[in-house]
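Structure at a glance
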Amino acid sequence: MENDNELETELDCYLKLFIILYADDTVLLSESQVDLQKQLDTLSEYCELWKLKVNVQKSKIVIFSKGRLPNNIKFNYKDIVLEIVNEFTYLGVLFRRTGSFLKAKKAQANKAMCAMYDVIKKGRLHNLSIECQIELFDKIVKPILIYGSEVWGFGNNSVIERVHMKFCKLLLKVKNSTPNFMIYGELGRYPLEIDIKLRIINYWTKLLSGKQEKLPAILYKYSLYKYKNYITWLKHVKSILDESGLSFVWDTQYFVNDTWLYTIVKQNLVDQFKQKWHTNVQESPKAINYRMYKENCEFEYYFKNLDDRNIITLCRLRTGNHRFPIETGRWENVARENRKCLLCNSGDIGDEFHYIFMCSV
C-alpha cells in the first residue's frame, strides 16, 4: 500500500506541475478549479519573465463534465476573465465538455466529403482507372477521415464509414441501396474501422514503449492506475486485444515488439471481417446469385481488363443494379416467387441466372 500511495502522489505531482506544449499551442490540465487558477497564475509569471504574450481572445476554458456547471465558476488570466465554452477545436480535433466525440467525427466526415467529391470529379475529368481513384482516396481522403482517431476512435464510427461507402458507390455508379458487402467484395476493401483500431493500438504501444518521462506516458499510467474500469478509451484498447486473442498483453502491459503486435492485431481484425463478409454473402437473400461467382473479398480483375463502359455494366449486373423482375419486384413488394420473366413463357423467376442461361428470348 505504501508503494501504491507513493505512485499516486508522484503522478498527482506530475499532473499539477506539467504544462503541455504542442508547437505554438499551450494546454493546461487540472482536476480542480483552484489548481487550474494556480497554473494560470504561474503561466502569467512565466510569460512576464520571458516577455511572452498570450492571445487571451483565443484562450478558452473547457470543463469536462456531463452535469450542469455552477454559475459562479470563473478563471482569470491576469485581470482578464477567460471564456468558458462547451467545445473547442484543438490540433484539428473537436473536444466537447461531455467527452463525446460524435460531433468531432461528423466534422471529420464533412471535411473528408469535400475532398472525396474532388477526387471523384478529377477522376472523371481525367478518365482515371478505378484502381487509381481508390489509391487517391487512400492517400487524400482517408487521412482526413481518420485524423486523430487514436483519440476519438472508440464508439460508433458509422459516420466515418458512410463517407467510405459513398465514395465506392459513386465510383462504381451503383445505387446507395447496394449492400455494402458487395462493394467490399468487388473492390477488395475493408472497413475503415480496422484502420482506426490499428491506429489506436499503434498509439497505445508507443505509450508503453516510448520514453516514460513524457507527459502522455505519465497520464496513461495515472489513468490506468486510478480509472482503469471507467475510461472508455482504455476499455476499448482492452477490447481490441481481447478480440485478437491477446488478452495476456493487456494483463501484463507487455509485448515483444511494436511490429509483432501490430501484425498480429491486423491479421486477426482482417480475418474476423472476412468471416463476417462470407456470412453476409451466404445468408443475404440479395446474394443468391452473387455467391455463385464470388468466393473471396478481393479486387476483381475485370476492373483492369475491361473498358469503362463494360466495367460499370458488369458491376451493375453482379451487384443487382438492374431492372430485372427479381429487382423491380422488390421495389413493389412482390413476393419473390411471383417475380417472373416477362419476355418468355417459362414461368421462371426473372433473375440474372435466367436471362444469361435460360431465357429463350
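Located above this text is the structure these notes cover.
Let me sum up the structure you'll find in this document. (Residues numbered from 1 in each chain as written. Predicted model: local features only at pLDDT ≥ 70, side-chain atom pairs only at ≥ 80, totals over all residues. Heavy atoms only, no water.)

**Observations regarding the overall build of the protein**
Here is the rule: Think of it this way: any DSSP run of H or I at least four residues long counts as a helix, any run of E at least two long counts as a strand, and we number them from the N terminus. The globule rule is 2.2 Å times the number of residues to the power 0.38, and the radius of gyration it is compared with is taken over C-alpha atoms. Relative accessible area decides the class of each residue, using a 1.4 Å probe on protein chains only: under 20% of the type maximum gives buried, over 50% gives exposed, and in between gives partly exposed. Here, residues are in contact when the closest pair of their heavy atoms is within 4.5 Å. Reported accessibility uses the Shrake-Rupley method at a 1.4 Å probe radius. Residues are deemed covered only where the shown protein chains occlude them. By the counting scheme adopted, Arg and Lys are positive, Glu and Asp are negative, and His together with the chain ends is not counted. Each charge is placed at NZ for Lys, CZ for Arg, CG for Asp and CD for Glu.
Scanning the protein for helices and strands turns up 17 helices and eight strands. Taken over the C-alpha trace, the protein has a radius of gyration of 27 Å; the compact-globule value for 361 residues is 21 Å, which it surpasses by more than 25%. In terms of principal-axis extent, the alpha carbons of the protein reach across some 90 × 45 × 40 Å. Expressed as a percentage of the 361 residues in the protein, the buried residues total 38%. For the protein, long-range pairs separated by at least 24 residues make up 61% of all intrachain contacts whose partners lie at least 6 apart in sequence. Total accessible area on the protein is roughly 21,700 Å²; 54% of this is exposed by carbon and sulfur atoms. Side chains of the protein give 52 positive and 43 negative charges; the mean places of these two sets differ by 7 Å.

**Concerning the pairing of strand β7 (residues 87-90)**
The criterion, for reference: A strand pair is defined by DSSP finding two or more bridges across the two strands.
In this structure, β7 lies alongside strand β8 (residues 93-96), joined through four bridges in antiparallel fashion. The residue of β8 that forms the bridge with F88 is F95. What sits between β7 and β8 in their antiparallel hairpin is a turn of two residues, with L91 showing a positive phi close to 55°.

**What to know about the packing of aromatic side chains**
Using the following cut-off: The criterion for an aromatic pair is that two Phe, Tyr or Trp rings (for Trp, the six-membered ring) have centres within 6.5 Å, with stacked assigned to planes under 30 degrees apart, edge-to-face to planes over 60 apart and tilted to the rest.
The full count for this structure, using the stated rule, is 15 aromatic pairs. Seen from their ring centres, Y190 and F273 are 5.6 Å apart, and the 75° between their planes marks the pair as edge-to-face. Of this pair, Y190 sits in the loop between α7 (180-187) and α8 (192-209) while F273 sits in helix α12 (residues 258-283), and the two are 83 residues apart along the sequence. In this structure Y190 comes out as partly exposed when scored by relative accessible area, which is 28%. Of the residues examined, F273 reaches a relative accessible area of 12% and is grouped as buried. Each member of the aromatic cluster is reached from another via a ring pair, and the members are F95, F101 and F154.

**Thoughts on the pattern of salt bridges**
The line we're drawing: The salt bridge definition used is simple: a Lys or Arg side-chain nitrogen within 4 Å of an Asp or Glu carboxyl oxygen.
Considering all chains together, one arrives at 17 salt bridges under this definition. Note that E135 is salt-bridged to K139, the shortest N-O span being 3.7 Å. A residue pair is termed a helical-turn pair when its members lie 3 or 4 positions apart in one helix, as E135 and K139 do in helix α4 (residues 130-145) at four residues. Assessed through its relative accessible area of 57%, K139 is described here as exposed. One salt-bridge network, held together by shared partners, links E186, K294, E300 and R318.

**Structural notes on the layout of surface pockets**
The following threshold applies: Lining residues are those with an atom within 4 Å of a point, where the points come from a 1 Å grid over the protein atoms alone and group into cavities, where a 1.4 Å probe fits but cannot get out, or pockets, open sets with protein on both sides within 12 Å along at least five of seven lines. Grid points are joined across faces, edges and corners, and a volume is the space filled by probe spheres set on the points.
The space that makes up the second largest pocket amounts to roughly 440 Å³. Elements supplying a minimum of two residues to the lining of the second largest pocket: α6 (158-172), α7, α8 and α12. No other element matches the six residues that α12 contributes to the lining of the second largest pocket.

**Side note on the environment of Y293**
The condition that has to hold: Definition of a polar contact: a pair of N or O atoms within 3.5 Å, with one able to donate and the other able to accept a hydrogen when the atoms are protein atoms, and with sequence-neighbouring residues admitted only if both atoms are side-chain atoms.
Examined against the element boundaries, Y293 turns out to sit in helix α13 (residues 290-293). A sequence separation of 25 residues divides Y293 from R318, and the C-alpha atoms of the two residues are 8.9 Å apart. Engagement of the side chain of Y293 in a polar contact is seen with the backbone oxygen of R318, the distance being 2.9 Å.

Read these as geometric descriptors, not functional statements.
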